[in-house]
Amino acid sequence: MRSDKRGWVGIISLIASIIAIFVFLTGWENVLDVFSGASGLLTGPTPLPQDQLPTSEPIVVSPILTYGPDSTSTLPTSSWTNLGLNAEPISDISTSQGVIYVATFGAGHGIFKSEDLGTTWYAINNGLESLDIILIEASPNNSDLLYSASNSGGIWRSEDGGATWVNVNPKEYCGTPIGLALGSEDGNTIYWLSCNGDFSVSTNKGKDWKESYCWPTCTLGLLRNSPADRSHFYSFRKEYRFSLTDPNTDSLLLRFSPEDDKWYPLADVGSGLLIVELDVSYQDPRFLLVATEENGIYRSQDGGGSWSPINNSLPGQGNELICTDAKFSPWDSASIFAVCNGQAYQSKDLGANWSLLPGLTDISILAMMTGPEYLLAAAATSLHGLETP
C-alpha cells in the first residue's frame, strides 16, 4: 500500500515537473490556450484568423458607392451610366412610363426608342418625311402616343410607340415648328408654335386645329407648361438680345392665357440677357426658371412677375456664367437642376445652394424620367442616366 502511494507521488511529481518546464519555456498564456481549446470553459472557441476563413462561406463587405466614374468621393448615390447613342446629335428627349424617346438633328437618323433604360435602342422612323427632328413629346399616360416636329416636315403623330407616323400639320405648310407641348395628360390636346408666328391648338390629337393670334409677340421661342396646369403656357424669344422698347411686343418672356386667348408679357429678367431655356415647376406653375447664356440661372415665384438670380455656389462667380439648361424635379418641389459651363448641378433648396453632379461634362440637355426615377443628360457624344440624386 505504501509502495502504491509512492508510485502515485512519483507520477504526480513528474507531471508537475513537465508543466513547470512548459510554463518556464512558453508562459502561462499558452497553458490557458491548451486547456481552453480542450474544454472551451475559459474563453470559448478561438476564432479563425481572417485569412483562414473557409472559402465556401461568402464574406459580406459593406459597399462604398462612388459618385461618377472618375470620382473617389463616397457619396451615397449611383454614378452616371452611359445609355448609348454614341456620337448621335441629340436635339430633344421625352420619357413616358419607363420608355425613352430621343430626337436627333443633323445626322439624318431621326428618332430612337428604348424600353430598357438604354440597354437596346432602335430607330422608329417609318412614315417620317424628314429625319432631322427638332422636338419630341410623349403622353405621360400613354407611352404609345407621341408627337414629333421636324425641320421641314412639320408635326407628326404616332399612336403605336413610333412604329408608324402620320402628318398632322395644321395647314399645308406651317413653317418650322419650334414649340410643341401637350395640353393634357392623355396627350389628346396638343399646342404648337412655329417660327412664322403661328400658334395653334388641337383637342383631338391633331385632326383639327384652332389658330390663335401670335405674331409678332411669340415668334422664335419655345413652349413650356406645367403638369399641374397644362392650359397656361410660357414662351420666350430665343436667340434675341435687346433692350425693352414696347412692353406689349418686345418682352423676352410671355404667358398665354386660355381664358381670353391672348399672350401677355412678363417682367424682364434683365436688360440684354440671352435666355436659352425656360422651365415650369411640376407642382406649382407660378415657379419658373430661366437659363441665360452669360448670367446664370434666374427664378420667379410669382408666375414671372419678378425674377431673382440664384447663382450662389455655381462656377464662374463674378465672371461669365454660361448656363444652357434649367429644370425642376418632378420628385421634389424644392429640387432643381442646371447645366452651367458644361456640367450638371443640383440644388435641393430652389437655388439657394448648389452642388456639382460630377463625372460628366459637355452636357447640353437635361430630362427627367419617372418610373424608374432617372435624370437623363445628353452629352457631346452620348446619352447618360443617373438614378434619382
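Nothing here was measured: the structure is a model prediction, and the numbers come from that model. The residue numbering used here restarts from 1 in each chain and proceeds along that chain's sequence as written. With pLDDT at 70 or above as the cut-off, local features in this predicted model cover only qualifying residues; side-chain atom pairs require 80 or more to be listed or tallied, and sums for whole chains, interfaces and linings still use all residues. Calculated side-chain values reflect all of the structure's heavy atoms, with hydrogen atoms and water omitted.

What follows is about the overall build of the protein. Every helix listed is a DSSP run of H or I at least four residues long, and every strand listed is a run of E at least two residues long, numbered separately from the N terminus. Along its length, the protein carries two helices and 28 strands. By the burial criterion, 47% of the 389 residues in the protein qualify as buried. Any pair of residues with heavy atoms lying within 4.5 Å of one another is described as a contacting pair. Once local pairs closer than 6 in sequence are excluded, the contacts in the protein between residues at least 24 apart make up 45%. Taken as a whole, the protein presents about 19,200 Å² of accessible surface, with 54% of it coming from carbon and sulfur. For every residue, the accessible area obtained with a 1.4 Å probe (protein chains only) is divided by the maximum for its type, and the residue is called buried under 20%, exposed over 50%, and partly exposed between those limits. Per-residue and other accessible areas follow the Shrake-Rupley method at a 1.4 Å probe size, with only the shown protein chains counted as cover for residues.

With that out of the way, let us pick up the pairing of strand E11 (residues 190-194). By the criterion of burial, E11 is predominantly enclosed, with five of the five residues buried. Here E11 shows a buried face lined by Ile190, Trp192 and Ser194 and a second buried face lined by Tyr191 and Leu193. Looking at chain direction, strand E10 (residues 177-182) and E11 are connected through five bridges and run antiparallel. Directly across from Leu182, in E11, lies its bridge partner Ile190. Pairing between two strands is assigned when DSSP locates at least 2 bridges connecting them. Across four bridges, E11 lies against strand E12 (residues 199-202) in antiparallel orientation. Looking across to E12, one finds that Trp192 is bridged to Ser200.

The subject of this paragraph is the state of the cysteines. Whenever a pair of cysteine sulfur atoms sits within 2.5 Å, that pair is classed as a disulfide. Taken as a whole and assessed by the stated rule, the structure comprises one disulfide. Covalent S-S linkage joins Cys323 and Cys340, the inter-sulfur distance amounting to 2.1 Å. Negative torsions about the S-S bond denote left-handed disulfides, and the value of about 100 degrees found for Cys323 with Cys340 makes this one right-handed. Here the residue Cys323 occupies a position in strand E22 (residues 323-328), and Cys340 occupies one in strand E23 (residues 336-340), the gap between them amounting to 17 residues. Since its relative accessible area comes to 1%, Cys323 is described here as buried. Among the residues examined, Cys340 registers a relative accessible area of 1% and is labelled buried.

This part is about the packing of aromatic side chains. Between rings of Phe, Tyr and Trp, where Trp is taken as its six-membered ring, a pair exists when centres lie within 6.5 Å; planes separated by under 30 degrees are stacked, by over 60 edge-to-face, and by other angles tilted. In this structure the tally under the stated criterion is seven aromatic pairs. Where Tyr191 meets Phe233, the ring centres are 4.2 Å apart and the plane angle is 55 degrees; that geometry is what we call tilted. Linking Tyr191 in strand E11 with Phe233 in strand E15 (residues 229-236), this pair joins segments that are 42 residues apart in sequence. For the pair formed by Tyr191 and Phe233, the shared burial category is buried. Feature note: the residues Tyr191, Phe199, Phe233, Phe256 and Trp263 constitute an aromatic cluster, connected by ring pairs.

Counting buried positions along E22 yields five of six residues, so the element is predominantly enclosed. With five bridges joining them, E22 and E23 adopt antiparallel strand pairing. Bridging from a neighbouring strand, Asp325 pairs with Val339 of E23.

As a further point, take the sheet that holds strand E6 (residues 133-139). If you walk across this open sheet you meet the four strands as E6-E7-E8-E9, and the pairing is antiparallel. Only two strands of the sheet have a single partner each, and these edge strands are E6 and strand E9 (166-167).

The strand order E22-E23-E24-E25 describes an open sheet built from four strands, whose pairing is antiparallel. Looking at strand neighbours, the two that pair on one side only are E22 and strand E25 (355-356), the edges of this open sheet. Looking at chain direction, strand E24 (residues 343-347) and E25 are connected through two bridges and run antiparallel. Among the inter-strand pairings, Gln346 is bridged to a residue of E25, identified as Ser355.

Here we come to the nonpolar core. Nonpolar side chains tend to gather and get buried jointly when the protein is soluble and globular. One finds Leu289, Ile297, Leu314, Ile336, Cys340 and Trp354 to be the most contacted residues of the largest nonpolar core, which totals 18 residues. Of all the elements in the fold, those that place two or more residues in this core are strand E19 (288-292), E22 and E23. The term nonpolar core refers to a set of buried residues drawn from Ala, Val, Leu, Ile, Met, Phe, Trp, Tyr and Cys, joined through side-chain atoms within 4.5 Å.

For this analysis, a salt bridge means a side-chain nitrogen from Lys or Arg found within 4 Å of a carboxyl oxygen belonging to Asp or Glu. This model, assessed by the stated rule, comprises eight salt bridges. Here Arg157 ties to Glu159 by a salt bridge, and the two come within 3.3 Å at their closest N and O atoms. According to the relative accessible area criterion, Glu159 is partly exposed, its value standing at 42%. Between Lys205 and Glu159 there is a salt bridge, and its shortest N-O distance comes to 2.9 Å. With Lys205 in the loop between E12 and strand E13 (210-212) and Glu159 in the loop between strand E8 (154-158) and E9, this residue pair connects regions lying 46 residues apart in the sequence. Look at the salt bridges and you will find they share partners, linking Arg224, Glu277, Asp325 and Lys327 into a network.

Within the element layout of this structure, Ser335 appears in the loop between E22 and E23. For Ser335, a relative accessible area of 4% corresponds to the buried category. With sequence-adjacent residues up to four places away left out, Ser335 is seen in contact with Phe328, Ser329, Gln346, Ser347 and Lys348.

One can find Ser281 in the loop between strand E18 (275-280) and E19. For Ser281, the side chain forms a polar contact with the main-chain nitrogen of Asp284, separated by 3.1 Å. Side-chain atoms alone can form a polar contact between residues adjacent in sequence; in general such a contact is a pair of N or O atoms within 3.5 Å, and within protein one must be able to donate a hydrogen while the other accepts it.

What follows is about unusual backbone geometry. One non-glycine residue, Leu85, lies in positive phi territory at about 55 degrees. Assignment of secondary structure puts Leu85 in the loop between strand E1 (81-82) and strand E2 (90-96). In this model, Asn341 sits at a positive phi of 50 degrees, which is unusual for a non-glycine residue. By the element assignment, Asn341 lies in the loop between E23 and E24. Asn341 gets classed as partly exposed once you look at its relative accessible area, which sits at 37%.

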